[in-house]
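So the chains spell out like this:
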Amino acid sequence: MSDTRLLELRARTPQRPPGPELAQVLDLTSPSGLRLRRYRPAERPRPLMVYLHGGGWVIGDLDSHDRTCRRIALECDVEVLAVDYRLAPEHPCPAALDDAVEVLRWARPVAVAGDSSGGYLATMACLRLRDEGCAVPALQVLLCPNTDLTLSCASVASGSGLDADTLAWFVAQWVPEPAARAAASPLLSPNLYGLPTTLLVTAENDALRDEGDAYAARLAAAGVRVVHRQEPGLEHGFIQDASPRRPRPTTGSSPTSKR
């Protein structure tokens, strides 16, 4: 994928309807100057969730996930603090991770969440905080997360909504040195003890399905409380759609839910 393609990806704004109106949406900055956006569904204080957007560590910003953050704030009745972290390839690993950790230390949220590469950053930030002996959020919400930068899982070659070549290119921008990718993969972390209670959602037709499923299993094996859902018929990025299309169930079938 060329630099021209990178510019095209960054310039492309998803054509989605605006999100719901909220009691307050406020742009602000972190102590180091990162752009943040806080969403409040009501005037009264609500629990705080930090949200890290997806986009392969290369694209995405506060506006690309504005609608998603509005919906989460309203439907979950939480305050959402979205983070405009630094992007690769100008800022490869660990820049975005450093940004995520900074905001978690400063904001001290109840929960951290993210989709795709944002889910990766959420759980990697929790791992770093744990390793440094710092408090971690009580909950991590991982939506179709990247967890294996070696791209060794079978679903990488068969997912829809995110093709294998694009996924490989994204990973190469984030961690340019192939030999460093295993150590940068949460799925391959030697120990996952002490991570927050986890809600992990994968999609049946997603290139990242298998590594997300495997990460949920490894978290549970490490003693982490995990709620794992694999959404039938959906593909990568469904969290940004208002009403994702599901296949019509056949007689006797039911959605898969792993807990």
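Keep in mind it's a predicted model, so treat the numbers as computed, not measured.

Participant: Explain the pairing of strand 7 (residues 197-205) here, please?
Facilitator: Here is the key point about a regular strand: its side chains alternate between the two faces of the sheet. Two elements, strand 6 (residues 139-143) and strand 7, share five bridges in a ladder whose sense is parallel. What sits directly across from Leu143, in strand 7, is Val201. One ladder, built from seven bridges, connects strand 7 with strand 8 (residues 226-235); its direction is parallel. The residue bridging Asn205 from the neighbouring strand is Glu235, located in strand 8.

Participant: Is there a simple way to explain the environment of Ser116 in this structure?
Facilitator: Looking at the secondary structure, you find Ser116 in the loop between strand 5 (111-115) and helix 4 (117-131). Judged by its relative accessible area of 8%, Ser116 is buried. Along the backbone, Ser116 and His53 are 63 residues apart, and their C-alpha atoms lie at a distance of 7.7 Å. In this structure Ser116 touches Gly54, Leu143, Cys144, Pro145, Asn146, Leu208 and His236, once residues within four positions along its chain are discounted.

Participant: Hey, could you run me through the nonpolar core in this one?
Facilitator: With 50 residues, the main nonpolar core has Leu52, Leu121, Trp174 and Tyr215 as its most contacted residues. Where this core is concerned, the elements lending two or more residues are strand 3 (48-52), strand 4 (79-84), helix 3 (95-107), helix 4, helix 5 (164-174) and helix 6 (209-221). Among the elements that make up this core, the one with the highest residue count is helix 4 (eight residues). Non-local contacts of Leu52, meaning those with residues more than four positions away in its chain, are made with Val83, Tyr85, Ala100, Val112, Ala113, Gly114, Asp115, Gly118, Leu121 and Ala122. Counting 20 residues, the second largest nonpolar core, distinct from the first, contains Leu22, Ala111, Val201 and Leu234.

Participant: What is the right way to read the side chain of Thr198 from this model?
Facilitator: Relative to the helices and strands, Thr198 is located in strand 7. Residue Thr198 is classed as buried on the basis of its relative accessible area of 1%. Of the polar contacts made by the side chain of Thr198, one reaches the side chain of Gln140; its length is 2.9 Å. Side-chain polar atoms of Thr198 contact the backbone oxygen of Pro196, separated by 2.8 Å. Look past the residues within four positions of Thr198 in its chain and what remains in contact with it is Leu139, Gln140, Leu142, Leu219, Val224, Arg225, Val226 and Val227.

Participant: I'm lost on the pattern of salt bridges in this one. Help?
Facilitator: Pairs may arise between side chains of opposite charge once their charged atoms sit close together. Tallying each qualifying case throughout the model produces 15 salt bridges. Here Arg37 and Asp66 are joined by a salt bridge, their closest N and O atoms 3.2 Å apart. Here the residue Arg37 occupies a position in strand 2 (residues 35-40), and Asp66 occupies one in helix 2 (residues 66-76), the gap between them amounting to 29 residues. With respect to burial, Arg37 and Asp66 carry one shared label: buried. We note a salt bridge from Glu75 to Arg71, for which the minimum N-O separation is 3.8 Å. Here the residue Glu75 and the residue Arg71 both occupy positions in helix 2, the gap between them amounting to four residues, near one helical turn. It is possible to trace a salt-bridge network through shared partners that takes in Asp27, Arg37, Asp63, Asp66 and Arg70.

What counts as what
- Residues numbered from 1 in each chain as written.
- Predicted model: local features only at pLDDT ≥ 70, side-chain atom pairs only at ≥ 80, totals over all residues.
- Heavy atoms only, no water.
- Pairing = 2+ DSSP bridges.
- Helix = DSSP H or I, 4+ residues; strand = E, 2+ residues; numbered from the N terminus.
- Buried < 20%, exposed > 50% of the residue type's maximum accessible area, 1.4 Å probe, protein only.
- Contact = heavy atoms within 4.5 Å.
- Core = buried A, V, L, I, M, F, W, Y, C linked by side-chain atoms within 4.5 Å.
- Polar contact = N/O pair within 3.5 Å; in protein donor to acceptor, adjacent residues only side chain to side chain.
- Salt bridge = Lys/Arg side-chain N within 4 Å of Asp/Glu carboxyl O.

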